[in-house]
Amino acid sequence: MIILNKESMSIIREIDVIPMRHRLKEYAVKIGMSLVNQTKIMTAASELARNMLKYANGGKVNIEVISKGRENGLRLTFIDHGPGIENIELALKDGYSTGKSLGLGLPGTKRLVSEFAIDSKVGEGTIVTVTKWKNG
Amino acid sequence: MEKIPILRMGDLLLVTIQVDLYDRLAETLEADLVQMINKASAKGVLIDISSVSIIDSFMGRIIGNIATMSKILDAETIVVGMQPAVAITLVELGLPLNGVLSALNVEKGMELLRKRVSTKENNHMQRRRGPQHDHS
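Okay, so let's go over this structure.

Procedures and definitions
- Residues numbered from 1 in each chain as written.
- Chains lettered and ligands numbered in written order.
- Predicted model: local features only at pLDDT ≥ 70, side-chain atom pairs only at ≥ 80, totals over all residues.
- Heavy atoms only, no water.
- Contact = heavy atoms within 4.5 Å.
- Buried area = accessible area lost by both parts, 1.4 Å probe.
- Salt bridge = Lys/Arg side-chain N within 4 Å of Asp/Glu carboxyl O.
- Polar contact = N/O pair within 3.5 Å; in protein donor to acceptor, adjacent residues only side chain to side chain.
- 1 Å grid on protein atoms, 1.4 Å probe; cavity = no way out; pocket = protein on both sides within 12 Å on 5 of 7 lines; lining within 4 Å.
- Points joined across faces, edges and corners; volume = space filled by probe spheres on them.
- Helix = DSSP H or I, 4+ residues; strand = E, 2+ residues; numbered from the N terminus.
- Nonpolar A, V, L, I, M, F, W, Y, C, P; charged D, E, K, R; others polar.

Another point: the interface of chain A and chain B. Contact residues are listed per partner, giving 23 residues for chain A and 21 residues for chain B. Here chain A meets chain B over a buried area of about 2000 Å², counting both sides, of which 59% is carbon and sulfur. Between chain A and chain B we count four salt bridges in total. Across the pair K40 of chain A and E92 of chain B runs a salt bridge whose closest N-O atoms are separated by 3.2 Å. Remark: the boundary between chain A and chain B carries 10 residue pairs in polar contact (both at pLDDT 80 or more).

Quick look at the structure:
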């Protein structure tokens, strides 16, 4: 896998998600991603950014344009230094939420992307990596 | 602070969302709309989301809330112009927006809204005239 481009943005305030979405849109259009997939990755990113803001007071996102074989895609890494997730399995279940939300954030995001990985240590923070392939 | 304008057309309210939504803005719209329904004794609300390119779980929930709240206040809500990619993403996310009336575009939405508002009024009138009707 080759990384064609890499950029980092910080998500500190709610309004920071807007430039992030615009940036994603730009990259997605550049690699020729379909509109449905563009919408999916932007929605997924929006969910993950909200999680960071809500549970960890913000963090940062790395946006990478990647290429594997003939396929191009976008890989997003959300990194925060919040409280971490105690029970990842539970957090990935539909309808489970420690806050007041619907509990769709993580499980819903997982359905919208091609690849999903989460790494969390209680007291240290959480790293969520999602990849959306152009045709995936 | 940024606000989404609410237009009044007789006993109907019209909202066209032309900006990028973020959480605070959606929450403000929810509060403003409910206030406005009450103040204007509105019977119907039409929300045009044709230029909204992403709706995630939070904004979806707000749309659902608006529909539920306006129903309690005796007003109908219709969401019009959802982009196909947004509809696909919402369903995959796990938020099918049950209970929210929708129409393809503003014109059809207005038609539907007027029809529903007038049938409701007729029903009210008939109920009031009810007993006399039975005798004749």
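For the rest of this paragraph, the subject is empty space enclosed by the protein. With a probe scaled to a water molecule rolled over the atoms, the places where space remains empty come into view. Residues and elements named next belong to chain B. Summed over the entire model, instances satisfying the criterion amount to two cavities of 30 Å³ or more. In this model, the largest cavity occupies a volume close to 60 Å³. Along its surface, the largest cavity is lined by I17, L21, A26, L29, I47, M59, I62, I63 and I66. Listed by contribution, the elements that provide at least two residues to the lining of the largest cavity are helix 1 (23-39) and helix 2 (57-72). Grouping the constituent residues of the lining of the largest cavity by class yields nine nonpolar, no polar and no charged. Its boundaries defined by the atoms lining it, the second largest cavity holds a volume of some 50 Å³.

Shape is all these values report; function is a separate question.
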